[in-house]
There are 2 protein chains.
Amino acid sequence: MSRKKQTINTDITSSRRDFLKSSIAAGGALVAGSAAARAESDPAITQVQDWARYLGDGVDAAPYGKPSEYEKHVIRRSVPWLTASTESSINFTPLHELDGIITPNGVCFERHHGGVAEVEPDKYRLMINGLVEKQLVFTMEDLMRFPRKNQINFLECAANSGMEWRGAQLNGCQFTHGMVHNVMYTGVPLRYLLEEAGLKTNAKWIMPEGGDSSGMNRSVPLFKALDDCLIAFKMNGEALRPEQGYPARLVVPGWEGNMWVKWIRRIEVGDMPWHAREETSKYTDLMENGKARRFTWEMDAKSVITNPSPQAPIKHKKGPTVLTGLAWSGRGTIPRVDITLDGGRNWHKARMDGPSLEKSLHRFYYEFDWNGEPLLLQSRAIDSTGYIQPTKDELRAARGVNSIYHNNGIQTWHVKKTGEVENVEVS
Amino acid sequence: MSRKKQTINTDITSSRRDFLKSSIAAGGALVAGSAAARAESDPAITQVQDWARYLGDGVDAAPYGKPSEYEKHVIRRSVPWLTASTESSINFTPLHELDGIITPNGVCFERHHGGVAEVEPDKYRLMINGLVEKQLVFTMEDLMRFPRKNQINFLECAANSGMEWRGAQLNGCQFTHGMVHNVMYTGVPLRYLLEEAGLKTNAKWIMPEGGDSSGMNRSVPLFKALDDCLIAFKMNGEALRPEQGYPARLVVPGWEGNMWVKWIRRIEVGDMPWHAREETSKYTDLMENGKARRFTWEMDAKSVITNPSPQAPIKHKKGPTVLTGLAWSGRGTIPRVDITLDGGRNWHKARMDGPSLEKSLHRFYYEFDWNGEPLLLQSRAIDSTGYIQPTKDELRAARGVNSIYHNNGIQTWHVKKTGEVENVEVS
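### Re the overall build of chain A
Okay, so step 1: Helices and strands together make up the secondary structure of chain A, namely 8 helices and 21 strands.
Okay, so step 2: Computed over C-alpha atoms, the radius of gyration of chain A comes to 24 Å, within 12% of the 22 Å expected from 2.2 N^0.38 for 427 residues, which places it in the range of a compact globule.
Okay, so step 3: Dimensions along the principal axes, computed over C-alpha positions, put chain A at roughly 80 × 60 × 45 Å.
Okay, so step 4: Evaluated residue by residue, chain A yields a buried proportion of 65% over its 427 residues.
Okay, so step 5: Considering only contacts within chain A whose residues lie at least 6 apart along the sequence, 72% involve residues at least 24 apart.
Okay, so step 6: Surface summary for chain A: the accessible area is close to 15,500 Å², and the carbon and sulfur share equals 49%.
Okay, so step 7: Side-chain charges in chain A split into 53 positive and 51 negative, and the spacing between the mean points of these groups amounts to 3 Å.

Here's what the structure looks like:
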């Protein structure tokens, strides 16, 4: 076994193009240095572990499996002071603990207005009424007889990052950006159900209504309802989770999460919007001049570095370091994400990895050789329409700081010499 | 509300091309007939349900969520008589309860040889030794400093459908085809780790070895190890489940599941295969002449209709019916699946839906108007190399019935007038 000191390749940042061809092995040299030294003295290697000595649980132990005991910290977390009650509240996806683009069902963030409705599937009904030729009521079994589609889509609450309008507040991407998740939905295109009911010629809007105690309702323009909306009954292959609308929810790809009505029980077809509470008093964007933007449905392109981040500090002193994060756009795909390590002075192209799907989270990586000095990390998403994610200051100049919605500004993390990370702002 | 009798479109099968354009609404007409009648008399509509009257659980109720109480039947199931102990045994994915292409982590089938190793991540080590320039030992933190990739891949046990070699045996696609699952893996390309260790010029094979009490080991040719193999630590975004190799497993896309060594603790590099127990006594295919095929790593193209199937009968009398299933190939993608309703006399092109990814499950649908008469359902996958899934009889003619491995023959389901479904064979 060679104990020769390895030289550290500091040239990764400038050799992005051939990264996957040649520089990875060199980039890993510091890792290998300690890995080589470890081989002969590490008690985790020289001693036989219990799990290699004794039989483990058999196949009947967990008919529905769960995560390892060592992953108990990977959970949704709420912020008690944000809301007055837990039934009309929010919790957050632990983005810093995840990788890839699929959010596992167990940690998809929740936003309720009347708590989790525990709907009995046998008693579930979906009514379509209003400006239709025939009023219809579907059971789950009826819905299962229509053709289905599968789509991986992100769902982002309009209030995601909302606490950051007036400055850096929450220390962790789980809290600043965790009101987003991304799963594969299976459902019936809403268009098929509306066509089945027969739209009257003056039909222009629909109003999906939830079966929970809040009776959540929103106005959705017909063009969107007929485009890519689903009445979904599966997420990541299995039935929707109760907190995500079991047994059926509306999927409105790329648009704000509040419109994705859960436990959906009725769709009224009309010729005008309903001006419901959640599209007037709430989910409008109050501007500096006292007027409010409304019907701001589409989610603008956004990104966040999930690692390193305040809840996921760097644990080594220097050398090869993996930076990773998520980017998404309500308008299409994310062909490009730029990364800066120095608060915006120099930008580098991130490596996109995994499927690039419409209105879906995208995973990016930037591998670099950390010199152990402080960093100011930012990511900037550019979507398939050419839209470039703005800075928070650019957003404030355009919209003021009165709203809590639609903050897609660039996030900054300050990495200290210790590897600890803080939520900060740079101007 | 119109109560006019709807006419039933019986022309769906011959209008596959414009299915998504026009015939869906017509295809759903029978559904709509009952749906329209239901609107005025259904107590599930005329009475307010409890879930609409009272607040439900708040956001702190389930930091890591779980399925609805009404989905308790959606579990992995084992077949007690198949094996002598549960620690060296199998359970099966409930394919008939799932949709889309992602298998949720909780129901991914398990195959253990010494039970579930409960590995402490802090004490996890991965050694690379043998024909390398420098022997290395990696911790989890070391692995997290190498570049990562994300891949959605199916994992199929070589023994999947193995009980069917001698005739129809098990009544349910969970049991006949449930030793397969499909998740998004995140991991370090094995190539980067091998290059880090430095391969000697005579290196031709690797032997991954598991950290569990069975010390599972297999020979993998170096060309595959350097191609698309991963040392994976995430599945569907979160940490690997204990039963799937937490904290790290080998991913060998398209090749038989036994090679995907779980709890991987060592990779030896050599110049010849090791002829381990699991590639000689087991996981070889005994032919009629007493000789055995070996190193049959690549999984041939295969498909199965998941609904209707014995565990998922048709519940309506006749009319619009959704047939769906899964297809996959260890050699690439599945551009086409054919469906027959009459035991192979007439074939129809299925509708593929969802992402078509290399060495991944594919979802197909075939919507038809059931006349209430018995059916003989089959699906036939054609992969991107042009390979056509064979019949069971064709397989038996080529290989005899002594093996339990690599049975990718066409499955037949007999649908009775009652809607019940049976596992049968047709010649």
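### Description of the sheet that holds strand 18 (residues 362-370) of chain A
Sheet strands line up and pair through hydrogen bonds in the backbone, either parallel or antiparallel.
Residue and element names in this part refer to chain A.
Okay, so step 1: If you trace the 4 strands from one edge of the open sheet to the other, you get 13-14-18-17, paired in antiparallel fashion. Here the strands that pair on one side only, and so sit at the sheet edges, are strand 13 (302-307) and strand 17 (351-353). Averaged over all pairs of adjacent strands, the angle between strand axes in this sheet comes to 30 degrees, irrespective of strand direction.
Okay, so step 2: In this sheet, strand 18 lies alongside strand 17 in antiparallel orientation, the contact comprising 3 bridges. Paired with D353 across the bridge in strand 18 is R363.

### Let's talk about the packing of aromatic side chains
Okay, so step 1: Counted by the stated rule, this structure contains 22 aromatic pairs over all chains.
Okay, so step 2: Between W255(A) and W297(A), the ring centres sit 4.9 Å apart and the planes meet at 10 degrees, which makes this aromatic pair stacked. Taken together, the residues W255(A) in the loop between strand 9 (249-251) and strand 10 (264-270) and W297(A) in the loop between strand 12 (292-293) and strand 13 connect sequence positions 42 residues apart. Of the two residues examined, W255(A) and W297(A), each falls in the buried class.
Okay, so step 3: Ring centres of F154(B) and W328(B) lie 6.4 Å apart, and the angle between their planes is 55 degrees; on these two criteria the pair is classed as tilted. Placement of F154(B) in strand 3 (residues 149-156) and of W328(B) in strand 14 (residues 319-328) is noted, with a sequence separation of 174 residues between them.

### A short note on the interface of chain A and chain B
Okay, so step 1: The interface of chain A with chain B comprises 122 residues on the first partner and 122 residues on the second.
Okay, so step 2: Each partner contributes to the roughly 10,300 Å² buried at the junction of chain A and chain B, and carbon and sulfur atoms together form 59% of this total.
Okay, so step 3: Among the residues chain A hides against chain B, the three largest losses belong to W51(A), V59(A) and R145(A). Together they make up 9% of the total.
Okay, so step 4: Counting across the interface, chain A meets chain B through 6 salt bridges.

### Regarding unusual backbone geometry
Okay, so step 1: Residue P308(A) is bonded to the preceding N307(A) through a cis peptide linkage, with omega at -5 degrees.
Okay, so step 2: Here P308(A) is to be found in the loop between strand 13 and strand 14 (319-328).
Okay, so step 3: Its identity is not glycine, yet W263(A) carries a phi of approximately 50 degrees, on the positive side.
Okay, so step 4: Looking at the element boundaries, W263(A) is found in the loop between strand 9 and strand 10.
Okay, so step 5: With a phi close to 55 degrees, H275(B) is a non-glycine residue in the positive phi region.
Okay, so step 6: Mapping H275(B) onto the fold places it in the loop between strand 10 (264-270) and strand 11 (285-286).
Okay, so step 7: Classification of H275(B) as partly exposed rests on a relative accessible area of 45%.

### Here we look at the pairing of strand 1 (residues 126-130) of chain B
All names here are of chain B.
Okay, so step 1: Extensive coverage of strand 1 is indicated by the burial of 4 of its 5 residues.
Okay, so step 2: As judged from the 3 bridges shared by strand 1 and strand 2 (residues 136-138), these two strands associate in the antiparallel manner. Bridge pairing links M127 to V137 in strand 2.
Okay, so step 3: Connecting strand 1 to the antiparallel partner strand 2 that follows it, the hairpin turn spans 5 residues.
Okay, so step 4: For strand 1 and strand 10, the ladder comprises 4 bridges, and the chain directions are parallel.

### Observations regarding the relation of the copies chain A and chain B
Okay, so step 1: Of the transformation superimposing chain A on chain B, the axial component is 0.0 Å and the angular component is 180 degrees, with the fit at an RMSD of 0.0 Å. Taken together, the rotation angle and the small translation identify this as a two-fold axis. When C-alpha distances to the rotation axis are compared across chain A, the minimum falls at P104(A), with a value of 3.8 Å.
Okay, so step 2: Interface overlap between copies: 100% of the residues of chain A at the interface are likewise at the interface in chain B, consistent with a symmetric, same-surface contact.

### Considering the pairing of strand 19 (residues 375-382) of chain B
Residue and element names in this part refer to chain B.
Okay, so step 1: Among the 8 residues of strand 19, 6 are classified as buried, and the element is accordingly described as predominantly covered.
Okay, so step 2: Sheet topology note: the strand 15 (residues 336-340)/strand 19 ladder contains 5 bridges and is antiparallel. Bridging from a neighbouring strand, T340 pairs with Q378 of strand 19.
Okay, so step 3: Here 4 bridges tie strand 19 to strand 20 (residues 412-415), and the two strands are oriented antiparallel to one another. Bridge pairing links L375 to V415 in strand 20.

### Describing the sheet that holds strand 6 (residues 220-221) of chain A
Residue and element names in this part refer to chain A.
Okay, so step 1: Taken in spatial order, the 5 strands make up an open sheet running 2-1-10-5-6, and their pairing is mixed. A single partner strand is all that each edge strand has here, and the edge strands are strand 2 (136-138) and strand 6.
Okay, so step 2: Of the pairings in the sheet, the one linking strand 5 (residues 205-210) to strand 10 comprises 6 bridges and is antiparallel in character. Following the sheet pairing, P208 is matched in strand 10 by I267.

### Remarks on the state of the cysteines
Simply put, disulfide is the name for a covalent bond between the sulfur atoms of two cysteines.
Residue and element names in this part refer to chain B.
Okay, so step 1: Summed over the entire model, instances satisfying the criterion amount to 0 disulfides over all chains.
Okay, so step 2: The cysteine C108 is free of any disulfide, with C157 supplying the nearest cysteine sulfur at 14 Å.
Okay, so step 3: The class for C108 is buried, based on a relative accessible area of 0%.
Okay, so step 4: Between C229, a free cysteine, and C157, which holds the nearest cysteine sulfur, the sulfur-to-sulfur gap is 17 Å.
Okay, so step 5: Judged by relative accessible area, which is 2%, C229 ranks as buried.

### Quick notes on the pattern of salt bridges
Okay, so step 1: Scanning all chains against the criterion turns up 66 salt bridges over all chains.
Okay, so step 2: Close ionic contact of R125(A) with D42(B) constitutes a salt bridge, the shortest N to O distance being 2.3 Å. Of the two residues, R125(A) is situated in the loop between helix 3 (43-46) and strand 1 (126-130) and D42(B) in the loop between helix 2 (29-38) and helix 3 (43-46); the pairing between them involves two chains.
Okay, so step 3: Given the relative accessible area of 6%, D42(B) is considered buried.

### Notes on the environment of K134(B)
Residues and elements named next belong to chain B.
Okay, so step 1: Within the secondary structure layout, K134 lies in the loop between strand 1 and strand 2.
Okay, so step 2: Separated by 66 residues in sequence, K134 and K200 have C-alpha atoms that sit 9.8 Å apart.
Okay, so step 3: A polar contact of 2.6 Å, which involves the side chain of K134, links it to the backbone oxygen of E196.

### Thoughts on the side chain of N129(B)
Residues and elements named next belong to chain B.
Okay, so step 1: Secondary-structure assignment places N129 in strand 1.
Okay, so step 2: Here the side chain of N129 touches R266 through a polar contact of 3.3 Å, side chain to side chain.
Okay, so step 3: With residues near it in sequence (within four places) discarded, N129 still touches Q135, R266, I267, E268 and V269.

### Some points on helix 6 (residues 190-197) of chain A
Since the α-helix packs 3.6 residues into each turn, any two residues three or four apart lie on the same face.
Residues and elements named next belong to chain A.
Okay, so step 1: Among the 8 residues of helix 6, 6 are classified as buried, and the element is accordingly described as predominantly covered.
Okay, so step 2: Taken together, the buried positions of helix 6 are occupied by L190, Y192, L193, L194, E196 and A197.
Okay, so step 3: Immediately beyond the C-terminal end of helix 6, within one or two residues, lies G198, with a positive phi of roughly 85 degrees.

### Here's the deal with the side chain of T296(A)
Residues and elements named next belong to chain A.
Okay, so step 1: Position of T296 among the secondary structure elements: in the loop between strand 12 and strand 13.
Okay, so step 2: For T296, the side chain forms a polar contact with the side chain of D285, separated by 2.9 Å.
Okay, so step 3: Once residues within four sequence positions are removed from consideration, T296 is found in contact with E256, D285 and H406.

Conventions and cut-offs
Residues numbered from 1 in each chain as written. Chains lettered and ligands numbered in written order. Predicted model: local features only at pLDDT ≥ 70, side-chain atom pairs only at ≥ 80, totals over all residues. Heavy atoms only, no water. Helix = DSSP H or I, 4+ residues; strand = E, 2+ residues; numbered from the N terminus. Rg over C-alpha atoms; globule rule 2.2 N^0.38 Å. Buried < 20%, exposed > 50% of the residue type's maximum accessible area, 1.4 Å probe, protein only. Contact = heavy atoms within 4.5 Å. Areas by Shrake-Rupley, 256 points an atom, 1.4 Å probe, with all protein chains shown as cover. Lys, Arg positive; Asp, Glu negative; His and termini not counted. Charge placed at Lys NZ, Arg CZ, Asp CG, Glu CD. Pairing = 2+ DSSP bridges. Axes fitted to C-alpha atoms, helices over the stretch in contact; angles between N-to-C directions. Phe/Tyr/Trp six-rings, centres within 6.5 Å; stacked < 30°, edge-to-face > 60°. Buried area = accessible area lost by both parts, 1.4 Å probe. Salt bridge = Lys/Arg side-chain N within 4 Å of Asp/Glu carboxyl O. Least-squares fit on C-alpha atoms with pLDDT ≥ 70 in both. Disulfide = S-S within 2.5 Å. Polar contact = N/O pair within 3.5 Å; in protein donor to acceptor, adjacent residues only side chain to side chain.

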